[in-house]
There are 2 protein chains.
Amino acid sequence: MDRRQRETSLDDDEPAMVHVDTNGSGAVSFNSNGIDKDLEEEESPLDNIPAIFSKYGDFHTIDWQRDLARDRLRHKLITNKKRDWPLGLLGSAWDSGAGWLCVLMVGMAAGATAGVIDIGARWMSDLKNGICADRFWLDKEHCCWSDDKTLYKDDSCSAWTTWPEVFNIYEKSNLYYFLDFFFYVSWAMSMAGLAVVLVKVFAPYACGSGIPEIKCILSGFVIRGYLGKWTFIIKSVGLMLSTASGLSLGKEGPMVHLACCIGNIFSYLFPKYGMNEAKKREILSASAAAGVSVAFGAPIGGVMFSLEEASYYFPLKTMWRSFFCALVAGIILRIVNPFGSDQTSLFHIDYMMKWTFIELIPFALLGVWGGILGSIFIWANIKWRSYCKNSAFLGRHNINEVLVVTAVTAVISYFNPYMRKNTSALIKQLFDRCGPDDVTSDLCDYRNRTITTSKVDDNYHTGIFGDGVETAIWQLIFALICKLIFTVFTFGLKVPCGLFIPSLAMGAISGRLLGITMEALTTSLQASGGQSEWMSCQIGKDCVYPGLYAMVGAAAVLGGVTRMTVSLVVIMFELTGSLEFIVPTMVAVMFAKWVGDATHKQGVYEAHIQLNGYPFLNNKEEYPYSTVASQVMRPRRDEPELCVLTQDGMTLGEIEALLRDTDFNGYPVVVSRSSMYLTGFCTRRDLQLALHSARKTQPYIVTASVVFFTPTVPDATSVGGPAPLRLRKLVDLAPMTITDQMPMETIIDMFRKLGLRHVLVTRSGKVLGIITKKDILEFMRHQESGFPGSVANPNFN
Amino acid sequence: MDRRQRETSLDDDEPAMVHVDTNGSGAVSFNSNGIDKDLEEEESPLDNIPAIFSKYGDFHTIDWQRDLARDRLRHKLITNKKRDWPLGLLGSAWDSGAGWLCVLMVGMAAGATAGVIDIGARWMSDLKNGICADRFWLDKEHCCWSDDKTLYKDDSCSAWTTWPEVFNIYEKSNLYYFLDFFFYVSWAMSMAGLAVVLVKVFAPYACGSGIPEIKCILSGFVIRGYLGKWTFIIKSVGLMLSTASGLSLGKEGPMVHLACCIGNIFSYLFPKYGMNEAKKREILSASAAAGVSVAFGAPIGGVMFSLEEASYYFPLKTMWRSFFCALVAGIILRIVNPFGSDQTSLFHIDYMMKWTFIELIPFALLGVWGGILGSIFIWANIKWRSYCKNSAFLGRHNINEVLVVTAVTAVISYFNPYMRKNTSALIKQLFDRCGPDDVTSDLCDYRNRTITTSKVDDNYHTGIFGDGVETAIWQLIFALICKLIFTVFTFGLKVPCGLFIPSLAMGAISGRLLGITMEALTTSLQASGGQSEWMSCQIGKDCVYPGLYAMVGAAAVLGGVTRMTVSLVVIMFELTGSLEFIVPTMVAVMFAKWVGDATHKQGVYEAHIQLNGYPFLNNKEEYPYSTVASQVMRPRRDEPELCVLTQDGMTLGEIEALLRDTDFNGYPVVVSRSSMYLTGFCTRRDLQLALHSARKTQPYIVTASVVFFTPTVPDATSVGGPAPLRLRKLVDLAPMTITDQMPMETIIDMFRKLGLRHVLVTRSGKVLGIITKKDILEFMRHQESGFPGSVANPNFN
């Protein structure tokens, strides 16, 4: 056994504590002899419950097939009891309803959490600028509402006190501006600092967006504590703080993480889910849907996100439950009503936007731009993060890193109106049209507006720009560049931070800029008398809606960054509710995906998964390899032969030596070492426990005792020698096997679709080796980098 | 070999014409000796194309893994040529774009087809009542529009001539009514008769809804001609005729079939899809989405339908393409604009419906009712259809059956205003509220309307019923009962007929009835002075929207009949575009699904699949069996042993005898008959072709020649005897194997998720038997009926 094999082979294969052997009757076959009984009593506090619950070590991969088999077994036990009226029937009904009850609770909790976080983040965000004099617990908007009931439009009101005003400086002097600036930056830095300290001290897992980890967890990876209550509490508080600090981050990704924490916590109320990792992931999938649902106010989009991006195993029953969960969360959020309006969508568009077919060209261009921008972002972010990962200095100074990034962001943002305001509010402004009452904003400084303001018209302005628009354009370009740079450095900080909102903001700015350009172009075309046929719009009416371009651009950049497709379009559709709008989004997202995939193969989540080295087997990609099992399996040609157990030839001492000398997590059981014909598979943990227990409780078992994995054991007296040890019950008689000529694509398909942890490779019935999930991931990495690695060339045949 | 094994084992296992042996290099290993070359030249017209295309016999199951492997191989060949500038690059680009181009074309064609059918069916439907005097090609609505531009509301206009008027009978005498009735019934019967004759003569597959068959086809079943051009043409025409004939059927289900026909036809333009059954199903999945998209004007609903109901293998790439396809189809339909309005949705609701939480109780009741009604319908329909299937008399009189059902339907429908009108129009009327201009309909005959007609109010009427409402209620109850009975006898007739519209109609009637009842209840509660707190609505305003109840009821009954969940809710959501409305639908659909599953386990499509005996492995159900592979595999314990080929011990004559005596479609190749260690698998067809070819072209091959399936063949001269025959290349070295103790649930999972056709069962490396898809289906049928069948009890331990 060389060192490499030792490290990779099967070492993610930590066995469940108790082993299920599905024999013909389907019942659990325990306790047929004293050894197993002792073993169970010693180790499991649940010794009166059959072994239908799974337990895995930290950073291990779960075995979907075995967990689902356990659940079927549990289900059978309950179904059998169904006849015992009334308790059995009640138990059965409870079992059927548990899933629905659980997702109902998750949905309600997710909706409430989202509402609280929205309100909290908004209040803290406004705290940077001032405070409500009478009622400090109100944010600026509500403060002004409670002050007077008139329309509130980005203006100050008397009840709202800025920080200089708190210190009785009302005159807009240099001191006033300095104090304002000082408080803005200080608040930002204290909030970000508090967030990072909370994360570092209480819950290190609460940082980042969490979506890469959620993807891994849903694919069957176990990260203990990642979805725990501490992570939930700290991430909730930290998310409010970091959002409010004005860093270039969003709260939508972390909301998915929070929803999954809720799902995990509630699942422990239902042992069916809490004690079975595979079943728990059904609840987590539904939770992820609820998270997106509350983040964007898009329940169907949430389900599609869970299906497309997050989930791995997503049967239709789970989809239906996810939908329910997402909907409940959305309703609760609407009842909490954090925005004080009837809208649950983050950016509700309440006006009709029309477009002509010729505009699909700029939309496609936006898509291309989105793909390029997304790839630049991912590339730069990954470069910076892997530099940080390897830098000892930065590794020690996480808190300072956050403070520096916050300070730079706050200082620069303070002077740009578009960067200073809440990013969601910025996106909303960019999506909106210039209405008749938009008089304060540079963006809507169109000339000749006095002509038409008398009548409130849907198509309102003339499209001829004032000076303000030019200022706005330069400010937006500056904001775009800064946003990109800030986000590159922000994503991956040790604070809760999501990517959706910054991506949407970058896209919205790009789109709005293109929209304004298109508008100017159209206006000048019309002004030059050439009433162009193809635009089919009349002079005096604006046929170009810059807000639509902003939406399309937002979708394009988000598509370029995350490589989402269907779910993104559905989310954008739910924001508007108009079928009309799907086509431009779809064109942009399509181009963003194509261009993005061409320039940087991985989306940001996949890139971070790879950066962190999680064992994630992407189920979206196709692998056109020309390799067969024998080239990937362990042991390789130049390695020592496979460690196996023989079914009736080994003594207790030999097996103990094997366990001591190797650290594989499981061993194939064969008929004899010379023939190598496969009988079954035995996990390390089961073996260890059984041998230990036998040594302790059965004094006649000695080192020279022969261990039998066969159904029948020769009579000890007739054979002579010490009493044999029977361990038949430890053997999994149905290991997944493949032949050595099986193409790797098929094997990868099996791993992905069946959720395997390992397969045994055989030829003509003989065991040749083993392939684990890690072997496959390593092989895929080698293939991608074009490096054949240590994959030997086969010359069987 | 007993007869049963012969029939079931492997008989759906028709091999592909050319065999792909993926060896270490991943390249196709053909033509390495003369035999294979001859074989290929003799049989395949594509001998310069590598064997990357699949071919299956009629009513056979495809092998997904092998087909996808073929496609990967094809893809590799193209990728390798990529360097040959410019042709290779162009080929590669074409290959990447082919899928998108194909679904684009499918979407456009599906949209156009739907438009034409909508227009045609509407014209023919109006033909039953009369004809447009000046322009016979116009339907009633367009005829009256072209006559005068005033609002047209179910009234007659001068340009529209009823049939009695054609014969110059204008007075509304008995003769007038008799002629009107006579023409109505005659037209109905001639249209239905023409439809059934067309179907019987030209395309027998054009009958029915097609969705059960589409489900089977998408799950990997091959039905030649089911998606052919004749089926398409006849089904299009027949669909217009049968819809127009007034039979209780819809055109939405057949629209899915038509879209799949289009997908199939267009896929032949792209050999990548047309020649590979597994890849073709990606296009068909997208087509199914487009079909639903045009049927309901719901693109996202279409994708969800394809995902939930129709498709089997639905990777994300296909989903994204399906979405594109559905969207294109929807846009084209909007351009064709068959309804003369801007709406693509079938039943567009343009008013806000509000509901209170207490109303969830009646919505849940509607769900329960929907489940019960659905189960009654399925049960009765299946009973009648299986009676028809077994009745020789009815089997011979298909045409008469259609004529009788049509006549009865037409005669009864003529006298009921709700049954007489187009079913879609009826549903629309039931969904609508009673607006101020609804003066002709009994349904909206509310008292005190004169008080409020002066102001056009959203909440318009008083809720106190006039006599008309009572009449309407009785007519609706009658219509509901008749619809149910008619639909039971109609679904399954030899004309194109769908189920969606009749189900929706039954549900809408039930819902509207409940809605009116609720309205009366509320009004009387309010009138009695008890201004109930919980209804939170004011006197004079109607808080109950009967139209909302109709929508919820429609969703509930459709849910009860088809057992759709997510897709149904999404479709209903897209009809209204309001999130507000999702919750009631979801509650109703949830209850309909639960109650439906409790009363009649299978949905209507599954029931019809079972009735027709298609080999469909449902991927929605879970199977809690306690069985292992050895109990299901063939041969059984009481049957003769497995037929195998030995890798080096059999003569040509022996193999020929084996092929003659048995009719399995494949044989395991083993090391020796005594050891039974598995080497590979060889299909019958490959063997037959190879032996035939060898006999013809190699005169030194005689009956006593030993056939070698081994990589090395002993030198003929050293061994003595006739020259050996080398058939190594025929052997599939990577057959899927399982052990005899594998639980059946895992095996079913493998079949479903990997799309297998058979697995070989081994123990300790020895081949014990084989399990085919048919064995599994037979086993599942036995388990469901509680009959253990011939499944032997294992005592392997």
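Below is a summary of the structure that appears in this document. (Residues numbered from 1 in each chain as written. Chains lettered and ligands numbered in written order. Predicted model: local features only at pLDDT ≥ 70, side-chain atom pairs only at ≥ 80, totals over all residues. Heavy atoms only, no water.)

## Describing the overall build of chain A
Applicable threshold: Going along the chain from the N terminus, every DSSP run of H or I of four or more residues is numbered as a helix, and every run of E of two or more is numbered as a strand. Throughout this description, buried means an accessible area under 20% of the type-specific maximum (1.4 Å probe, protein chains only), exposed means over 50%, and partly exposed covers the range between. Any two residues whose heavy atoms approach within 4.5 Å are treated as being in contact. Only the protein chains shown count as cover for residues, with accessible areas throughout obtained via the Shrake-Rupley method and a probe of 1.4 Å.
When its secondary structure is counted, chain A shows 32 helices and 11 strands. Counting across all 797 residues of chain A, residues that qualify as buried make up 61%. In chain A, of all internal contacts separated by at least 6 residues, the share reaching a separation of at least 24 is 74%. On chain A, roughly 30100 Å² of surface is accessible, and the fraction owed to carbon and sulfur atoms is 60%.

## A short note on the sheet that holds strand S3 (residues 645–646) of chain A
The cut-off we apply is this: DSSP-based pairing: two strands are paired if at least 2 bridges between them are found.
Taken together, three strands build an open sheet; the order of strands is S3-S5-S6 (chain A) and the sheet is mixed. Here the strands that pair on one side only, and so sit at the sheet edges, are S3 and strand S6 (678–683) of chain A.

## Side note on helix H29 (residues 684–697) of chain B
The criterion, for reference: Any helix carries an expected span of 1.5 Å times its number of residues minus one.
The terminal C-alpha atoms of H29(B), which comprises 14 residues, lie 20 Å apart, in line with the 20 Å expected from a rise of 1.5 Å per residue. Within the span of H29(B), buried status applies to Arg684(B), Asp686(B), Leu687(B), Leu689(B), Ala690(B), Leu691(B), Ser693(B) and Ala694(B).

## Concerning the pairing of strand S10 (residues 758–763) of chain B
All names here are of chain B. Rules: A clockwise path from the first strand over the helix to the second, with the strands pointing away from the viewer, defines a right-handed crossover.
Burial of S10 is extensive: five of the six residues sit out of reach of the surface. In the sheet, strand S9 (residues 737–739) pairs with S10 via three bridges, with the strands oriented parallel. Following the sheet pairing, Ile738 is matched in S10 by Val761. As a crossover connection, the stretch from S9 through helix H31 (residues 744–754) into S10 is right-handed. Here six bridges tie S10 to strand S11 (residues 766–772), and the two strands are oriented antiparallel to one another.

## Points about the relation of the copies chain A and chain B
Quick reminder of the rule: The copies are overlaid by a least-squares fit using only the C-alpha atoms of residues whose pLDDT is at least 70 in both copies.
Its rotation angle being 180°, the transformation that places chain A on chain B also includes 0.0 Å of axial translation and leaves an RMSD of 0.1 Å. Look at the turn and shift together and you get a two-fold axis relating the two. For chain A, the residue whose C-alpha comes nearest the rotation axis is Gly765(A), separated from it by 1.7 Å. Of the interface residues in chain A, 100% have counterparts in chain B that sit at the interface too, so the contact is made through matching surfaces.

## Quick look at the packing of aromatic side chains
For clarity, the threshold we go by: Classification of ring pairs uses Phe, Tyr and Trp, with its six-membered ring standing for Trp, and accepts pairs whose centres are within 6.5 Å; under 30 degrees between planes counts as stacked, over 60 as edge-to-face, and the remaining range as tilted.
A complete count under the given rule lists 58 aromatic pairs over all chains for this structure. For the pair Phe181(A) and Tyr414(A), a centre-to-centre distance of 5.0 Å together with 75° between the ring planes defines the contact as edge-to-face. Here Tyr414(A) lies in helix H17 (residues 398–414) and Phe181(A) lies in helix H7 (residues 174–202), a separation of 233 residues in the sequence. Taken together, the aromatic side chains of Trp100(A), Trp320(A), Phe323(A), Phe324(A), Phe591(B) and Trp594(B) make up a single cluster linked through ring pairs.

## Brief notes about a nonpolar patch on the surface
Residue and element names in this part refer to chain A. Condition: Note that patches include only residues with greater than 30% relative accessible area and no salt bridge, and the join distances are 9 Å for like charges and 5 Å for nonpolar side chains (Val, Leu, Ile, Met, Phe, Trp, Tyr). Whenever Lys or Arg places a side-chain nitrogen within 4 Å of a carboxyl oxygen from Asp or Glu, that contact is recorded as a salt bridge.
Where nonpolar side chains cluster on the molecular surface, the patch consists of Val197, Val201, Phe202, Trp230, Ile233, Val237 and Ile399 and spans about 600 Å² of accessible area. Residue assignment for the nonpolar patch shows that the elements contributing at least two residues are H7 and helix H9 (229–244). Residue position: Trp230 is located in helix H9. Classification of Trp230 as partly exposed rests on a relative accessible area of 47%.

## Observations concerning the interface of chain A and chain B
Under the convention used in this document: Accessible area, probed at 1.4 Å, shrinks when two parts are joined; the buried area is that loss added up over both. Here a polar contact means two N or O atoms within 3.5 Å. Within protein one must be a hydrogen donor candidate and the other an acceptor candidate, and residues neighboring in sequence count only if both atoms are side-chain atoms. Residues are grouped as follows: nonpolar covers Ala, Val, Leu, Ile, Met, Phe, Trp, Tyr, Cys and Pro; charged covers Asp, Glu, Lys and Arg; every other residue, Gly included, is treated as polar.
Between chain A and chain B, the contact holds 73 residues from the first and 73 residues from the second. Summed over both sides, the interface of chain A with chain B buries roughly 6900 Å², with 70% coming from carbon and sulfur. Counting every contact that joins chain A to chain B gives four salt bridges. Two residues, Glu745(A) and Lys76(B), come together in a salt bridge whose shortest N-O distance is 3.5 Å. Linking chain A with chain B are 11 residue pairs in polar contact (both at pLDDT 80 or more). Those elements that provide at least two residues to the side of chain A that touches chain B are helix H3 (64–81), helix H13 (299–310), helix H14 (316–336), helix H24 (566–576), helix H25 (582–599), S6, strand S9 (737–739) and helix H31 (744–754) of chain A. Residue contributions to the side of chain A that touches chain B peak at 10 residues, all from H14(A). Residues that form the side of chain A that touches chain B fall into these classes: 42 nonpolar, 18 polar and 13 charged.

## Topic: the pattern of salt bridges
Side chains carrying opposite charge are able to pair once their charged atoms draw close together. Residues and elements named next belong to chain A. Under the defined criterion, the tally for this structure stands at 49 salt bridges over all chains. With its nearest N and O atoms 2.8 Å apart, the salt bridge here joins Arg70 to Asp67. Of this pair, Arg70 and Asp67 are both found in helix H3, three residues apart, which corresponds to roughly one turn of the helix. For the residue pair Arg70 and Asp67, the accessibility class agrees, reading buried in each case. Two residues, Arg695 and Glu656, come together in a salt bridge whose shortest N-O distance is 2.8 Å. In this pair, Arg695 is assigned in helix H29 (residues 684–697) and Glu656 in helix H28 (residues 652–661), connecting sequence segments 39 residues apart. On the basis of relative accessible area, Arg695 is assigned to the partly exposed category, the value being 33%. Each of Asp71, Arg74, Asp95, Lys272, Lys279 and Glu282 takes part in salt bridges that share partners, so that together they form one network.

## With respect to the sheet that holds strand S6 (residues 678–683) of chain B
All names here are of chain B. Our working definition: For every element, the axis is a line fit to its C-alpha atoms; helices are fit only across the contacting stretch, and the angle between N-to-C directions ranges from 0 to 180 degrees.
In spatial order, the strands read S3-S5-S6; together these three strands make up an open sheet with mixed pairing. Both outer strands of the open sheet, strand S3 (645–646) and S6, are each paired with one neighbouring strand and no more. In this structure, strand S5 (residues 666–670) lies alongside S6, joined through five bridges in antiparallel fashion. In the strand pairing of S6, Gly666 is matched with Thr683. Running at roughly 75° to S6, H29 makes contact with S3, S5 and S6 of the sheet.

## Describing the side chain of Lys128(A)
Here Lys128(A) shows up in the loop between helix H4 (87–127) and strand S1 (130–132). The residues contacting Lys128(A), other than those within four sequence positions of it, are Trp163(A), Phe183(A), Tyr184(A), Trp187(A), Ala188(A), Met191(A), Ala244(A), Ser245(A) and Gly246(A).

## Quick word on the nonpolar core
Worth spelling out the cut-off: Put simply, buried Ala, Val, Leu, Ile, Met, Phe, Trp, Tyr and Cys residues joined by side-chain atoms within 4.5 Å make one nonpolar core.
Membership of the largest hydrophobic core comes to 368 residues, with the highest contact counts inside it found for Ile771(A) and Ile771(B). Sequence-distant contacts of Ile771(A), defined by excluding residues within four places in its chain, comprise Ala629(A), Val632(A), Met633(A), Ile738(A), Ile747(A), Phe751(A), Arg757(A), His758(A), Val759(A), Val761(A) and Ile776(A).

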